[in-house]
Amino acid sequence: MTVIVRDLRADSAEDAEAVTRIRRVVLPFDVTTPESVLFGVRTANPAKKYRLLVAERDGAVIGMSHVGIAYDAAEPGLAYANPVVHPEHRGQGAGGLLLGTAEEHLAGEGARSLFSWVEDTPACRAFAEKRGFRPSRAAHFLRLGLAAGTLPGLPPLPAGVELRTASDYEDDPRPLFRADAEATSDEPSDVGADFTDYDDWIRHTWENPLLDRGLSTVVVVDGEIAAFTAAMTDRETRYLSGMTGTMRAHRGKGFAKLAKTDSLRRAREAGFTDAFTSNDADNGPMLAVNRWFGYEICASEVRHVRTLG
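Model, not experiment: these values are computed from the prediction.

Reading the values: rules and limits
Residues numbered from 1 in each chain as written. Predicted model: local features only at pLDDT ≥ 70, side-chain atom pairs only at ≥ 80, totals over all residues. Heavy atoms only, no water. Helix = DSSP H or I, 4+ residues; strand = E, 2+ residues; numbered from the N terminus. Rg over C-alpha atoms; globule rule 2.2 N^0.38 Å. Buried < 20%, exposed > 50% of the residue type's maximum accessible area, 1.4 Å probe, protein only. Areas by Shrake-Rupley, 256 points an atom, 1.4 Å probe, with all protein chains shown as cover. Lys, Arg positive; Asp, Glu negative; His and termini not counted. Charge placed at Lys NZ, Arg CZ, Asp CG, Glu CD. Salt bridge = Lys/Arg side-chain N within 4 Å of Asp/Glu carboxyl O. Axes fitted to C-alpha atoms, helices over the stretch in contact; angles between N-to-C directions. Parallel < 35°, antiparallel > 145°, perpendicular 65-115°, else oblique. Contact = heavy atoms within 4.5 Å. Nonpolar A, V, L, I, M, F, W, Y, C, P; charged D, E, K, R; others polar.

**Observations concerning the overall build of the chain**
From N to C terminus, the chain includes eight helices and twelve strands. Its C-alpha atoms give the chain a radius of gyration of 20 Å, near enough to 19 Å, the size a compact globule of 309 residues would have. A principal-axis box enclosing the C-alpha atoms of the chain has dimensions of 65 × 40 × 35 Å. Of all 309 residues assigned to the chain, the portion counted as buried reaches 51%. Of the roughly 14,300 Å² of accessible surface on the chain, 49% is carried by carbon and sulfur atoms. Within the chain, the 45 negative side-chain charges are centred at a point lying 3 Å from the centre of the 36 positive side-chain charges.

**Looking at the pattern of salt bridges**
All chains considered together, the criterion is met by 16 salt bridges. Here D7 ties to R51 by a salt bridge, and the two come within 2.9 Å at their closest N and O atoms. One end of the pair, D7, is in strand 1 (residues 3-7); the other, R51, is in strand 2 (residues 51-57), with 44 residues separating them in the sequence. Classification of D7 by relative accessible area gives partly exposed; the value is 34%. According to the relative accessible area criterion, R51 is partly exposed, its value standing at 24%.

**So, the packing of helix 5 (residues 174-185) against helix 6 (residues 198-206)**
Relative orientation of the contacting elements helix 5 and helix 6 amounts to 90°, with a least axis distance of 11 Å. Relative to helix 6, the element helix 5 is oriented roughly perpendicular. Contacts from R174, L176, F177 and D180 in helix 5 reach Y198, W201, T205 and W206 in helix 6. A class-by-class count of the residues in the contact of helix 5 with helix 6 yields five nonpolar, one polar and two charged.

Note that every value here comes from positions in space, so none of it alone points to a role or purpose.
Following this line, the structure appears as structure tokens:
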């Protein structure tokens, strides 16, 4: 009957499948596969000090938490821990034990601030605030039914504009890296990212097993990337917009809509039935774009933070 916390076994398909099942129940707007779980553990940057903790009761995995240092943040000492516990096993101490283990590990690695995404429900917010966390910014998760929904048609492309996919950059992904870095640096966040390590991006973004390069649309203007949308899929029915970005010089021209329209239409043709995306609650332009497509908010989370030490 005792709950224990341990590290996920990097060679255990059973552990990876258990974590995937829990995340699909608790976070149905996310896309997770056993392959992606093991990939994250096996390829984590050493600077991340990453651990994937699991809570186990009577031999069964009932909770998990991604834990690590935000090593690519502009400010040092920022860390994260996101405990997730199966609804049928809450109230048994698993969440607190996961969080306590994470805090001890991160404090030992020099972390000063701990961020955690919390479901926007009274019980979950109370759990966080009881442990000294204070609410920060919010994010919305949105769903679009592809099977029965209506998608806009592709407009005629202006002169000099063409549509490509990420697959077209397999010989040299560096232009996509530069585009991703620029778009990410401008995203609203209280843990900003300033990544400049191309090799690290290759290992953890480009080679991510969830990234569907064939469904990731790139808008090119006069040979240069103007906008893109990264498609993350489970290779079955679920599609997630991992990132949609427009280069500063091309904003306000409708290129984000163009990229998403093309990607979503091809995802539907490929048999995907559910599309998900997420937006910072303050990112009005992208929320407007997604509502234009017919996405509806299906869940919200609030980022919380506390000082360690």
